[in-house]
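Structural description and commentary
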Amino acid sequence: MTDLLGPVHRESAESSLRRRFEGRLVGPDDPAYDEVRAVWNGMHERRPSLVARCSNAADVGAALRYAAATGRAVTVRGGGHNVAGTAVADGAVMIDLSLMRGVDVDPGARIARAQGGCLLRDLDAATLAHGLACPAGVVSHTGLGGLALGGGYGWLGRKWGLTCDHLLAAEVVLADGTVVEATEEEHPELLWGLRGGGGNLGIVTRFTLRLRPVGPVSYRTGVFPLSEAAAALADYRAFAEAQGPDLHAVGALKHAGRQDWIPAELRGAPALFLTAAWFGAEELGPARTAPLFARAAPGATASRVMSYAQLQALGDHGEPHGNRYFTKSCYLTGLSAGPVGQLIGSAREMPSPRSSVDFEYLRGAICDVPDADSAFPRRDAPYICTVSAQWTDPAEDAANAAWSRRGVERLADWQFGGAYVNYLQDEKPGKVAEVYGAARYERLAAVKRRYDPDNVLAGNQNIPPAAHPHA
Ligand SMILES: Cc1cc2nc3c(=O)[nH]c(=O)nc-3n(C[C@H](O)[C@H](O)[C@H](O)COP(=O)(O)OP(=O)(O)OC[C@H]3O[C@@H](n4cnc5c(N)ncnc54)[C@H](O)[C@@H]3O)c2cc1C
């Protein structure tokens, strides 16, 4: 970015920020700079002009004012997990919330107040002490901020709905640095937009979330050789679509690992994994999860009862920080033989053994929430599919991105339309408008005009402010 300010003006803006800032300011000369500017996806090696490690809402406001005074762009970092790397940009001020990870729980009211930089594991640790949880994503080192503001699919989605459906209120630092509390009574339109509209409308420093009771989870998984995958996926479809909200079933095509329960002949080759998790009465778990594996012959299955915290951490080791990632995603109308053949085709062509093709049947409580209650679009999408490449060598970037892109393109005939905003990456212009659909997009753009008329918060899946009606 061209620096239009003189050095004196910039220095006074910086010294004024340093005077009032209670967190930590990290510039390019600071020994901590490389660590704090890094995000989860190693593809995004970018150099912000300053990382403002905020400790409270006032720090966030001060950092926004500093960025405005110095003409810098702004990015917001929650957990740093966004695959598109929207939390970091060259030359921008990174407003880093990762020091703000406190959670207060009111078990009687079943409410948690979680600071804007929490990881999912921070929230779970605090709420599970009371036998409660807020439905959220499946990898515990994901940030609550980006996940909740974009929607939030996870194990409990079919039973209780999305994370954004549990957002009761939010403390928000607006683009001009002022702080408001968005509730159903105060700033209701802002609250509506925060439920699915992404990071466009303000910086959330505290989420107030409804909690749900959770108990032990009955978990059963099985691995099939690719030769059995088409038959097993026909069974998966029949099984998943017949279940009530207490059961969530997911599938993945990926290379089989070396765990004890996986047969030696399947290890190291692409295989199909199916998993059923039962959230109802524990004694019913075995009978409810077993039918997923009753017809097509799996190479092996494994089952156990685990805590919800264990379930939430199961995926943690598979997607480590710093590797290179490229993900494309789409919703599917169904899982007939046509898309199944394409998914298996992608598995056969996987250029990297760490990659995966993941899919799950959604519906359940996600569809019970009235469509008008949130900015989140396409609640009725039956299936979501992600084609996720993971590798380490930059020389393999092009091959992996091409595989992921092609993995979704080949599903074109069965796509439901739209996409999940939190999985967008490297899209054509107009994709964000397509995600929300015309009416929702226009409403979000009008909310944006009210709360961020200059589009200060543009480092996201951006919805520019609507033009003023009288302009
Ligand atoms: C390993 C992995 C597993 C995942 N699993 C799931 C899953 O199970 N379910 C699911 O729904 N999604 C999942 N996701 C996608 C996830 O929802 C997005 O990557 C999301 O953006 C992560 O949020 P973050 O805060 O970590 O991201 P960041 O990269 O820190 O932030 C992304 C954007 O979110 C906004 N943002 C973040 N925090 C705030 C805040 N407090 N206030 C305002 N804006 C903010 C900003 O615009 C920022 O640019 C997963 C991602 C990964 C990498």
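Keep in mind the model is a prediction, meaning the values are calculated, not measured. Every chain's residues receive numbers from 1 upward, in the order its sequence appears when written. Per-residue local features of the predicted model are confined to residues with pLDDT of at least 70, and side-chain atom pairs are confined, for both listing and counting, to 80 or more; whole-chain, interface and lining totals are unaffected and use all residues. Calculated side-chain values reflect all of the structure's heavy atoms, with hydrogen atoms and water omitted.

1. Section: helix α8 (residues 229-241)
As a reminder, the rule being used: The way it works is that DSSP assigns letters per residue, a run of H or I at least four long becomes a helix, a run of E at least two long becomes a strand, and they are numbered from the N terminus. In this analysis, the expected span of each helix is defined as 1.5 Å times one less than the number of residues it contains. Burial classes: relative accessible area under 20% of the type maximum marks a residue as buried, over 50% as exposed, and values in between as partly exposed (1.4 Å probe, protein chains only). Here the arc refers to the set of directions running from the helix axis out to each C-beta atom.
Its 13 residues give α8 an end-to-end C-alpha distance of 18 Å, which sits within 8% of 18 Å, the value for a rise of 1.5 Å per residue. Along α8, the positions that sit buried rather than exposed are Ala229, Ala232, Leu233, Asp235, Tyr236, Phe239 and Ala240. Relative to the axis of α8, the buried residues are bounded by an arc of 160° and lie together on one face.

2. Thoughts on the sheet that holds strand β1 (residues 24-26)
To keep things clear, this is the line we draw: Pairing between strands requires that DSSP locate at least two bridges from one strand to the other. Helix axes use the C-alpha atoms of the stretch in contact, all axes being lines fitted to C-alpha atoms, and the angles between their N-to-C directions lie in the range 0 to 180 degrees. Here, two residues are considered to be in contact whenever any of their heavy atoms come within 4.5 Å of each other.
The 4 strands lie next to each other as β1-β2-β4-β3, forming an open sheet whose pairing is mixed. Two strands in the sheet have a free side with no partner beyond their single neighbour: β1 and β3 (74-77). Averaged over all pairs of adjacent strands, the angle between strand axes in this sheet comes to 20°, irrespective of strand direction. Bridge analysis of β3 against strand β4 (residues 93-96) gives 4 bridges, and the strand direction is parallel. Bridge pairing links valine 74 to valine 93 in β4. Relative to β4, helix α3 (residues 57-70) is tilted by about 175°, and along the sheet it contacts β2 (50-53), β3 and β4.

3. Describing the sheet that holds strand β9 (residues 179-182)
In space, the 5 strands of this open sheet follow the order β5-β6-β10-β8-β9, with antiparallel pairing throughout. Two strands in the sheet have a free side with no partner beyond their single neighbour: β5 (103-106) and β9. Each neighbouring strand pair of the sheet contributes to a mean axis angle of 10°, computed without reference to strand direction. Alignment of strand β6 (residues 111-115) against strand β10 (residues 203-210), held across 5 bridges, turns out to be antiparallel. Each residue of the ladder has a partner; that of alanine 112, found in β10, is leucine 209. Those strands touched by α3 are β8 (167-173), β9 and β10, and its axis lies near 50° from that of β8. Here helix α4 (residues 120-128) sits on the sheet and contacts β5, β6 and β10; the angle it forms with β5, its principal contact strand, is near 30°.

4. Some remarks on the pairing of strand β12 (residues 217-225)
Burial analysis of β12 places 8 of its 9 residues in the buried class, the great majority of the element. Looking at chain direction, β12 and strand β15 (residues 300-306) are connected through 7 bridges and run antiparallel. Within β15, the position partnered with valine 223 by the bridge is alanine 300. Examined bridge by bridge, β12 and strand β14 (residues 270-278) share 8 bridges and lie antiparallel to one another. By the bridge assignment, threonine 221 is partnered in β14 with threonine 275.

5. Brief notes about the domain arrangement of the protein chain
In many analyses, interface size is given as the accessible surface area lost on bringing the parts together. The following threshold applies: Where each domain starts and ends comes from a domain assignment, either automatic or drawn from a database. Accessible surface is computed with a 1.4 Å probe, and the buried area is the amount of it that two parts give up when combined, taken over both parts together. Counted as salt bridges are all cases of a side-chain nitrogen of Lys or Arg within 4 Å of a carboxyl oxygen of Asp or Glu. Identification of polar contacts relies on pairs of N or O atoms within 3.5 Å, with a donor-acceptor requirement for protein atoms, meaning one able to donate a hydrogen and the other able to accept it, and with residues adjacent in sequence counted only if both atoms are side-chain atoms. Polar here means any residue other than Ala, Val, Leu, Ile, Met, Phe, Trp, Tyr, Cys and Pro, which are nonpolar, and Asp, Glu, Lys and Arg, which are charged; Gly is therefore polar.
When its domains are assigned, the protein chain resolves into domain 1 (7-96), domain 2 (103-213) and domain 3 (217-423). The distance between the C-alpha centroids of domain 2 and domain 3 comes to 25 Å. Across the boundary between the two partners, domain 2 contributes 33 residues, which contact 38 residues of domain 3. Summed over both sides, the interface between domain 2 and domain 3 buries roughly 2900 Å², with carbon and sulfur atoms accounting for 57% of that surface. Of all residues in domain 2, the largest losses of buried area upon contact with domain 3 belong to Tyr153, Trp155 and Arg158, amounting jointly to 39% of the total for that side. Here domain 2 and domain 3 share 3 salt bridges between them. A salt bridge links aspartate 246 to lysine 159; the shortest N-O distance between them is 2.5 Å. The interface formed by domain 2 and domain 3 holds 24 residue pairs in polar contact (both at pLDDT 80 or more) in total. Of all the elements, helix α6 (residues 157-160) adds the most residues to the side of domain 2 that touches domain 3, at 4 residues. Per-class residue counts for the side of domain 2 that touches domain 3 are 14 nonpolar, 13 polar and 6 charged.

6. Topic: the packing of aromatic side chains
Filter applied, for reference: Side-chain rings of Phe, Tyr and Trp (the six-membered ring for Trp) are treated as a pair once their centres are within 6.5 Å; stacked means planes under 30 degrees apart, edge-to-face means over 60, and tilted covers the remaining angles. Two limits define a charge over a ring: the Lys NZ or Arg CZ must be within 6 Å of the ring centre, and within 35 degrees of the ring normal.
Enumeration according to the criterion identifies 10 aromatic pairs in this entry. Judged by centre distance (6.2 Å) and plane angle (20°), the ring pair of phenylalanine 224 and phenylalanine 293 falls under stacked. Here phenylalanine 293 lies in the loop between α9 (285-289) and β15 and phenylalanine 224 lies in strand β12, a separation of 69 residues in the sequence. Judged by its relative accessible area of 11%, phenylalanine 293 falls in the buried class. Across from the ring centre of phenylalanine 273, 5.0 Å away, lies the NZ or CZ of lysine 254, which sits over that ring. The aromatic ring of tryptophan 192 is capped on one face by arginine 443, whose charged end is 3.7 Å from the ring centroid.

7. Things to note about the environment of asparagine 200
Mapped onto the secondary structure, asparagine 200 falls in the loop between α7 (188-194) and β10. Spatially, the C-alpha atom of asparagine 200 lies 7.7 Å from that of glutamine 461, the residues being 261 residues apart in sequence. Residues contacting asparagine 200, with those up to four places away along its chain left out, are Lys448, Asp452, Leu457, Asn460, Gln461, Asn462 and Ile463. A distance of 3.0 Å separates a polar atom in the side chain of asparagine 200 from the backbone oxygen of glutamine 461.

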